[in-house]
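# Summary of the model geometry
Given next are the chains, with one letter for each unit.
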Amino acid sequence: MEGPLENEDQEFARVPVPEGGKIAVERLNRRWGRAKLPKLGWVRFRWTKPLGGTVKNATVTRNGRHWYISFLIEDEITTPERHAHPGSGVGIDRGVAKVVTRSDGVLHHRTFVGLGELAHDAKLRRELARTKKGSKRRKRALARLAGLSRRVRHRREDFAAQTAHILATRFELIALEALKTKNMTTAVAPKPDPDNEGGFLPNGAAAKSGMNRALLDKGWYRIERAIRSKARSTGTHVITVNPAYTSQTCNPCGHTARENRESQAVFRCVACGHRAHADVNAAKNILAAGRAEHMTARPAARVGARKPRAAVGRKANRQATAAPIPSKGGELAGIPRP
């Protein structure tokens, strides 16, 4: 369902309201409420969740033919120092056959687009191709196609939110592969034919485009973003590791070979004979790498954060060359004196 029209039903309008002190929110009944926004007046909205804090700002968004209002709330909730399940950890392998595979063998999967919807999408695209730009028929065709794409996108968001809630509440450490989906879904470069001027050789573009659609359909980045967002309220550490050879390495013995991966779902080590689900074996390798990186992470740095760039400028130079302030207790913590 990811196609050239995937973004045509995105937010057509976004109106930020930064003046939180001038926003008044009232609840009319169990289902409805209203908010008084500067320069807009009273706006009714469907009350779906209690605010639970002080309103800092609001945003009015149009998505297709629907309008939404969201509030930024100061809830004074801080990240807990310890997780509810200390010492627990899980490795996550994201794939196409199964969206999320955990190192403990649990699979999280959902089909976002049905066969009937694929046929309906193709029909809508054919109808759109027969319309003229700027015509009313084209606007109606775009609206129908946008509605179908919006439903699929909401399913991905719902799956990502539910999966992130399960993982963040059950595990203190979540290890993910550092996947760059944008680089993985680039188009194949054309191969000019040296013997035929203006001609091109087969380059597998059709197969690569099919793989790109399959990767984008699973919403890998959306899942990682949902996990990081939920981890703030549970105290979960999210770590990304190098994905190289995680699917070809035997978890028990550590032997790495391309022949270990018999098929998409079967892993058999040619050295020790270990057999397992290929994605589960990869998830265990990801967890092992995540635990190793978590143990060597700097205490002052947030686990999973990118390394800070080298600071430049006169102010940074002054801070770097400034003499350290001696502590009152004598020795610095963790740094023994000679």
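Another aspect to go through is the overall build of the protein chain. Each helix and strand in the protein chain was counted, giving 7 helices and 15 strands. Expressed as a percentage of its 338 residues, the buried residues of the protein chain come to 33%. Taking as baseline every contact in the protein chain between residues at least 6 positions apart, the subset at least 24 positions apart corresponds to 58%. Just so you have it, the protein chain exposes about 22400 Å², and 53% of that area is on carbon and sulfur atoms.

Under the defined criterion, the tally for this structure stands at 3 aromatic pairs. Note on Phe-45 and Trp-47: the rings are 5.6 Å apart at their centroids and 25 degrees apart in plane angle, and the pair reads as stacked. On the basis of relative accessibility, which here comes to 11%, the residue Phe-45 falls in the buried class. Taking 5.6 Å as the distance between ring centres and 75 degrees as the angle between the ring planes, the aromatic pair formed by Phe-112 and Phe-159 counts as edge-to-face.

Two pairing modes exist for strands in a sheet, parallel and antiparallel, and in both the strands are linked by backbone hydrogen bonds. One open sheet holds the 3 strands; their spatial order is β2-β3-β4, and the pairing between them is antiparallel. Where the open sheet ends on each side, the last strands, each with one partner, are β2 (24-27) and β4 (41-46). Averaged over all pairs of adjacent strands, the angle between strand axes in this sheet comes to 25 degrees, irrespective of strand direction. Note that β2 and strand β3 (residues 32-37) share 4 bridges and pair antiparallel. Residue pairing in the sheet places Glu-26 in a bridge with Arg-34 of β3.

Per-residue pLDDT for the protein chain has a mean of 84; in total, 84% of the residues score no lower than 70. Every residue in residues 299-338 is under pLDDT 50, and counting partners more than four places away or in other chains gives 15 contacts.

Before going further, it helps to examine the environment of Lys-139. Mapped onto the elements, Lys-139 comes out in helix α2 (residues 136-170). Overall, Lys-139 belongs to the exposed group, its relative accessible area being 58%.

Before going further, it helps to examine helix α5 (residues 220-234). Along its 15 residues, α5 runs 21 Å from first to last C-alpha, staying within 8% of the 21 Å computed at 1.5 Å per residue. Of all the positions in α5, only Trp-220, Arg-222, Ile-223, Glu-224, Ala-226, Ile-227, Ala-231 and Thr-234 are classed as buried. Just downstream of α5, Gly-235 is the residue with a positive phi angle, here 80 degrees.

Our focus in this paragraph is the sheet that holds strand β7 (residues 89-94). In spatial order, the strands read β9-β8-β7-β10-β13; together these 5 strands make up an open sheet with mixed pairing. Unpaired on one side and paired on the other, β9 (107-108) and β13 (237-241) mark the two borders of the sheet. Two elements, β7 and strand β10 (residues 173-177), share 3 bridges in a ladder whose sense is parallel. Across the sheet, residue Gly-89 finds its bridge partner in β10, namely Leu-173. Taken strand by strand, α2 contacts β7, β8 (100-102), β9 and β10, and its axis lies near 15 degrees from that of β8. Docked against the sheet, helix α6 (residues 278-295) engages β7, β8, β10 and β13, running at close to 130 degrees with respect to β7.

Within the largest apolar cluster, 19 residues are counted, with the highest numbers of intra-cluster contacts made by Ile-92, Ile-174, Ile-223 and Ile-227. The set of elements that each furnish at least two residues to this core consists of β7, α2, β10 and α5. If one sorts the elements of this core by residue count, α2 sits on top with 5 residues. For Ile-227, the contacting residues outside a window of four places in its chain are Ala-164, Leu-167, Ile-174, Leu-176 and Val-238. Of all hydrophobic cores here, the second largest spans 12 residues; its members include Ile-23, Ala-35, Ile-69 and Ile-73.

Another point: the pairing of β4. Look at any regular strand and the pattern is simple: side chains alternate between the two faces of the sheet. Relative to β4, β3 is paired through 6 bridges, and the arrangement is antiparallel. The residue of β4 that forms the bridge with Leu-37 is Gly-41. Counting the residues between successive antiparallel strands, the hairpin from β3 to β4 contains 3 residues, one of them, Lys-39, with a positive phi of roughly 70 degrees.

Further remarks concern the state of the cysteines. Under the defined criterion, the tally for this structure stands at 0 disulfides. Cysteine Cys-250 remains unbridged, with the sulfur of Cys-253 as its closest cysteine sulfur at 3.5 Å. Exposure remark for Cys-250: the relative accessible area of 1% places this residue in the buried category. Lacking any disulfide linkage, Cys-269 is separated from the closest cysteine sulfur, that of Cys-253, by 3.6 Å.

The next point concerns the packing of α2 against α5. Remark: α2 packs on α5, axes separated minimally by 8 Å, with the N-to-C direction vectors making an angle of 40 degrees. Between α2 and α5, the angle falls in the class oblique. Between α2 and α5 lies a crossing whose hand is right-handed. In contact with Arg-153, Arg-156, Glu-157, Phe-159, Ala-160, Ala-161, Ala-164, His-165, Leu-167, Ala-168 and Thr-169 of α2, α5 contributes Arg-222, Ile-223, Ala-226, Ile-227, Lys-230, Ala-231 and Thr-234. For the contact of α2 with α5, the residue count by class is 10 nonpolar, 3 polar and 5 charged.

Quick notes on the rules
Residues numbered from 1 in each chain as written. Predicted model: local features only at pLDDT ≥ 70, side-chain atom pairs only at ≥ 80, totals over all residues. Heavy atoms only, no water. Helix = DSSP H or I, 4+ residues; strand = E, 2+ residues; numbered from the N terminus. Buried < 20%, exposed > 50% of the residue type's maximum accessible area, 1.4 Å probe, protein only. Contact = heavy atoms within 4.5 Å. Areas by Shrake-Rupley, 256 points an atom, 1.4 Å probe, with all protein chains shown as cover. Phe/Tyr/Trp six-rings, centres within 6.5 Å; stacked < 30°, edge-to-face > 60°. Pairing = 2+ DSSP bridges. Axes fitted to C-alpha atoms, helices over the stretch in contact; angles between N-to-C directions. pLDDT = per-residue confidence, 0-100. Expected span 1.5 Å × (residues − 1). Core = buried A, V, L, I, M, F, W, Y, C linked by side-chain atoms within 4.5 Å. Disulfide = S-S within 2.5 Å. Parallel < 35°, antiparallel > 145°, perpendicular 65-115°, else oblique. Left-handed = near helix turned anticlockwise from the far one by under 90°. Nonpolar A, V, L, I, M, F, W, Y, C, P; charged D, E, K, R; others polar.

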